[in-house]
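# Overview (structure and organization)
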Amino acid sequence: MSDKRPIAVFDSGLGGLTVVKALHTHLPNENIIYFGDTARVPYGNKSQDLIQEFSAEITEFLIQKDAKLIIVACNTATALALDYLKRKLDTPIIGVINPGAEAAQSLTKNRKIGIIGTLATIRSGAYEKALSQLDSSIQSFSKSCPLFVPLIEEGWLEGDVPTQVANTYLKELIQKQIDTLILGCTHYPLLKPVLSETVGDTIQIVDSAETTAMYAGKRLISQNIVNDQNDMGVLENYVTDLPVRFKRVARQFLGREIDHVSSVHIH
Ligand code: DGL
């Protein structure tokens, strides 16, 4: 039986669109609801209590929209609220940290892995924990990069300013001779050209979007909730502030027109 209900993807802002892009590639016929909490971004410098409260409000909204699977496409919310949400909800829900850690572990040769993310994600130690559970000989080095998210939300994705910021943040990690760098924030793949240039050819960049999309595909199969219709899925977007900037950056990033964007109040 085909299940046309949407997969719901949420983030504090635009970052989770990196997961939407990967879903478009891997599961093109699934309908998707994207939720960006643009009124309250960034989450990365907020407390666990607040992040749990915001995440609970969003998931409630998504369940009302009949979501069949929820993807927490935000590392901060995954690190600080995923376990809490799993305890509260019956709807299947997945995060982005385990997929990212697994992708990095399968790529590293020297077992030195760098992690960049928001203050809250780095402070939580969630990646270190996930990596050491996969392989206790992995050495991880982390760095919070709080200026990246505001740059990305502004659509400032290239040029001198992001390049200088990236050089400053990544210097220490490069000195540690990491061979793999995890983009531990779903916003950061939008800065990938600048980040790749900064770290050079010897460091591989891992973003969890692709692996998360593949996880989502497996979860749909195991729950028996795949949409096996052949039509292209529809993308419906909800944001908590004015949709103008969201539309612009989303169009630039996804490379397609973004027709359905509604502004909603959820609290
Ligand atoms: N994109 C989010 C993450 O993956 C959050 C960024 C933020 O709101 O600070 O952590």
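The structure contained in this document is the topic of the report that follows. (Residues numbered from 1 in each chain as written. Predicted model: local features only at pLDDT ≥ 70, side-chain atom pairs only at ≥ 80, totals over all residues. Heavy atoms only, no water.)

## Looking at the nonpolar core
Inside soluble globular proteins, nonpolar side chains tend to come together where they are buried. Formed by 56 residues in total, the largest nonpolar core has its most connected members in Val 9, Ile 71, Phe 148 and Tyr 188. If sequence neighbours within four positions are ignored, Val 9 has contacts with Gly 16, Val 19, Val 20, Leu 23, Ile 32, Ile 33, Tyr 34, Phe 35, Ile 71 and Ala 73. In terms of nonpolar packing, the next biggest core, distinct from the first, is built from 25 residues, Ile 33, Phe 61, Ala 67 and Tyr 238 among them. (Core = buried A, V, L, I, M, F, W, Y, C linked by side-chain atoms within 4.5 Å. Buried < 20%, exposed > 50% of the residue type's maximum accessible area, 1.4 Å probe, protein only. Contact = heavy atoms within 4.5 Å.)

## Some points on the sheet that holds strand E9 (residues 235-239)
In space, the 6 strands of this open sheet follow the order E4-E3-E1-E2-E9-E10, with parallel pairing throughout. Every interior strand has two partners, whereas the edge strands, strand E4 (93-94) and strand E10 (261-263), have only one. The pairing of E9 with E10 spans 3 bridges and is parallel. Bridging from a neighbouring strand, Val 239 pairs with Ser 263 of E10. Of the strands in this sheet, strand E2 (32-36), E9 and E10 are in contact with helix H11 (residues 244-254), which crosses E9 at around 145°. (Pairing = 2+ DSSP bridges. Helix = DSSP H or I, 4+ residues; strand = E, 2+ residues; numbered from the N terminus. Axes fitted to C-alpha atoms, helices over the stretch in contact; angles between N-to-C directions.)

## So, the site of the ligand
Near the ligand you find 14 residues, and of these Ser 12, Tyr 43, Asn 75, Thr 76 and His 187 are the closest. Asp 11 places a side-chain nitrogen or oxygen 2.9 Å from a nitrogen atom of the ligand. With respect to the ligand, the backbone of Gly 44 contributes an N or O atom lying 2.8 Å from an oxygen atom. Considered on its own, the ligand offers 300 Å² of accessible surface; in the complex 99% of this is hidden by protein. (Near = heavy atom within 4 Å. Polar contact = N/O pair within 3.5 Å; in protein donor to acceptor, adjacent residues only side chain to side chain. Areas by Shrake-Rupley, 256 points an atom, 1.4 Å probe, with all protein chains shown as cover.)

## Description of the pairing of E9
Burial analysis of E9 places 4 of its 5 residues in the buried class, which makes it a mostly covered element. In this sheet, E9 lies alongside E2 in parallel orientation, the contact comprising 5 bridges. Paired with Gly 36 across the bridge in E9 is Val 239. Read from E9 through H11 to E10, the crossover connection turns out right-handed. (Right-handed = clockwise from strand over helix to strand, strands pointing away.)

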